[in-house]
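# Residue-level structure breakdown
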Amino acid sequence: MNDRHTPTPHPTGSASGPAPAFGIADPAGFGRGVFHERHPALIRRLCESNPYGPGQRSRLRELVAESASDTAVVRPPEETTPGRERWLAWGREYFGEPWRDVPFLWAESYFYLRLLECVGYFAPGPWQGVDPFAPMKAAELADPALEADTAWLDGLDRSEPAEAFRALLLASLYGNRADLGFRLVRDGGAEDGVPLLADDGEALWRHLSGRPPGDVHVILDNAGRELLADLLLVDHLLLTRRAESVVLHVKPRPYFVSDAVTTDVRDCLVRLSSFDGEAGKAAGRLREAAAAGRLRVEGDDFLCSPLGFGELPGGLRAALSSAALCVFKGDLNYRRLVGDRAWPATRPFAEAVAGVPGPLVALRTLKSDVVVGLRRETVDRVEAARPGWRTDGSQALVQARLEG
Ligand SMILES: O=P(O)(O)OC[C@@]1(O)O[C@H](CO)[C@@H](O)[C@@H]1O
């Protein structure tokens, strides 16, 4: 690490190998706060908003206590949990070890699998397949301010093509500023107009406008506000023929509180179609695109795995390899893209994503410690101005590797 700010890593890694993975043991570390503050707040919220019985509630409380304990060990998934065999392989080194000793990214991903077990998401019965986060997502989508937030779209067709694209790109970027998990412990987030820490937006525009339209894959992040903005960007790409077709990659099951699943895409389209003006028209066009096969939704199981995007399984790897562009939204996807490790912030982005196929762009608000691809001056400036910049949601970036 050559940054002045030194986030606390997980104790694996060596001088010659990759930077150490972030962990959850350090009392002052970001990961510890997630397990000790964010998760308890989340479980309280779930119990307020879902009519769970005593068994579900006590299992949730036990999960929070166990995963925040300094001694409790990580137990394997229940016998009947789908994908158990895969998880046994992904967690071979961690099952039986104390929670506090496993990497932050793995522990968080596994926490959400266990949370679904606790509420009966996988078991035959009345709670099977019921999204525990749906009431939180629905409340966000019901916000009456959402329609006014899209009014700026009217008149965008009079802007220069590059400007219109830029406006929709930034809306999608800033849509990621405050997901529902983040808001459990913080308000606010990146402000429009604050300079981006890295900005490959122009190169991205040249990439999309200087070639015949191809397939664009969007690895989605949050439902609600962020997904509405993502859908507007997707509509624009299809309408202007910057994309021949778009694949929306959702999570195959509820994850990290507000991550989008298929029903969230449907619900966002329903909400969007209730808006007047361009936003409402975009919803109609997106439905037509879906009917014509130009807009598809996919939910590969890999997207809820604890693995990095360098470890994509064959089918998904092939699809992303042949894409004209892959758009990775949000903080968690960024962690999986560059590796959730204490890399120097100046490590070249292209080097960090070397194992990931296809031309790609990350649109991310910073909400966790990892960051790469920054200039030294940028790191020095933001360190001096804002000590909590890596995790407080105040900063955002657009980073691309387009020749891949
Ligand atoms: O991927 P997203 O929605 O942008 O952010 C996910 C997030 O809220 O969850 C993690 C902590 O739980 C952090 O990586 C990040 O702050």
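These figures come from a predicted structure and were not determined experimentally. (Residues numbered from 1 in each chain as written. Predicted model: local features only at pLDDT ≥ 70, side-chain atom pairs only at ≥ 80, totals over all residues. Heavy atoms only, no water.)

Per the counting criterion, the structure on display carries five cavities of 30 Å³ or more. Volume-wise, the second largest cavity comes out at about 60 Å³. Forming the boundary of the second largest cavity are eleven residues, of which F22, G23, F30, G31 and D369 lie nearest the centre. Considered class by class, the residues forming the lining of the second largest cavity number four nonpolar, five polar and two charged. Residue-level mapping places the lining of the second largest cavity at the junction of two domains, with at least three residues from each of domain 1 (30-130) and domain 2 (137-401). (1 Å grid on protein atoms, 1.4 Å probe; cavity = no way out; pocket = protein on both sides within 12 Å on 5 of 7 lines; lining within 4 Å. Points joined across faces, edges and corners; volume = space filled by probe spheres on them. Nonpolar A, V, L, I, M, F, W, Y, C, P; charged D, E, K, R; others polar. Domains from an automatic or database assignment.)

Moving on: the site of the ligand. Near the ligand, the surroundings consist of 14 residues, among which E108, D331, L332, R335 and K367 are the closest. Contact distances for the ligand include 2.8 Å between an oxygen atom and a side-chain N or O atom of D221. A distance of 2.8 Å separates an oxygen atom of the ligand from a polar atom in the side chain of R335. Here the ligand has 390 Å² of accessible area as a free molecule, and 98% of this is covered by the chains. Of all the secondary-structure elements, those providing two or more residues to the shell around the ligand are α1 (30-49) and α14 (330-338). The element best represented in the shell around the ligand is α14, accounting for four residues. For the shell around the ligand, the class distribution of residues is three nonpolar, four polar and seven charged. When residues of the shell around the ligand are assigned to domains, at least three map to each of domain 1 (30-130) and domain 2 (137-401). (Near = heavy atom within 4 Å. Polar contact = N/O pair within 3.5 Å; in protein donor to acceptor, adjacent residues only side chain to side chain. Areas by Shrake-Rupley, 256 points an atom, 1.4 Å probe, with all protein chains shown as cover. Helix = DSSP H or I, 4+ residues; strand = E, 2+ residues; numbered from the N terminus.)

Right, let's talk about the sheet that holds strand β1 (residues 214-219) for a bit. Neighbouring strands of a sheet are bound in pairs by backbone hydrogen bonds; such pairs are parallel or else antiparallel. One open sheet holds the six strands; their spatial order is β3-β2-β1-β4-β5-β6, and the pairing between them is mixed. The sheet terminates laterally at β3 (295-298) and β6 (396-401), the two strands that pair on one side only. Neighbour-to-neighbour, the strand axes of the sheet open up by a mean angle of 15°, direction not taken into account. Relative to β3, strand β2 (residues 243-249) is paired through four bridges, and the arrangement is parallel. Within β3, the position partnered with H249 by the bridge is E298. Running over the sheet, helix α13 (residues 314-321) touches β1, β2 and β4 (325-329) and is turned about 125° from β1. (Pairing = 2+ DSSP bridges. Axes fitted to C-alpha atoms, helices over the stretch in contact; angles between N-to-C directions. Contact = heavy atoms within 4.5 Å.)

To continue, consider the layout of surface pockets. Gaps left between atoms show up when a probe the size of a water molecule is rolled over them. By volume, the largest pocket is sized at about 620 Å³. Every residue lining the largest pocket is counted, 31 residues in all, and those nearest its centre are L105, P306, G308, E311 and R341. For the lining of the largest pocket, the elements supplying multiple residues, two or more each, are α3 (84-90), α4 (104-118) and α14. Counting contributing residues, the lining of the largest pocket receives three or more from each of domain 1 (30-130) and domain 2 (137-401).

Our next topic: the pairing of strand β5 (residues 360-365). For β5, a buried count of six out of six residues is recorded, marking the element as mostly surrounded by other parts of the structure. Burial of the side chains of β5 extends over both faces: L360, A362 and R364 are buried on one face and V361, L363 and T365 on the other. By the bridge criterion, four bridges tie β4 to β5 in an arrangement that is parallel. Along β5, the bridge assignment pairs C326 with L360. Two elements, β5 and β6, share six bridges in a ladder whose sense is antiparallel. Note that in β6 the partner of L363 across the bridge is V398. (Buried < 20%, exposed > 50% of the residue type's maximum accessible area, 1.4 Å probe, protein only.)

To continue, consider the nonpolar core. The biggest cluster of nonpolar side chains holds 76 residues, and the ones touching the most others in it are L115 and L337. A total of eleven residues in this core trace back to one element, the largest contributor, which is α4. Both domains that furnish three or more residues to this core are identified here as domain 1 (30-130) and domain 2 (137-401). Setting aside chain neighbours within four positions, we find L337 in contact with F309, F328, F349, A352, V353, V356, L360 and A362. L146, F165, Y174 and L325 belong to the second largest nonpolar core, which has 50 residues in total. (Core = buried A, V, L, I, M, F, W, Y, C linked by side-chain atoms within 4.5 Å.)

Counting buried positions along β1 gives five out of six residues, so the element sits mostly inside the fold. Sheet topology places β1 next to β2; six bridges connect them, and they run parallel. For H217, the partnering residue across the bridge sits in β2 and is V247. Viewed along the sheet, the connection from β1 through helix α10 (residues 225-239) into β2 turns out right-handed. (Right-handed = clockwise from strand over helix to strand, strands pointing away.)

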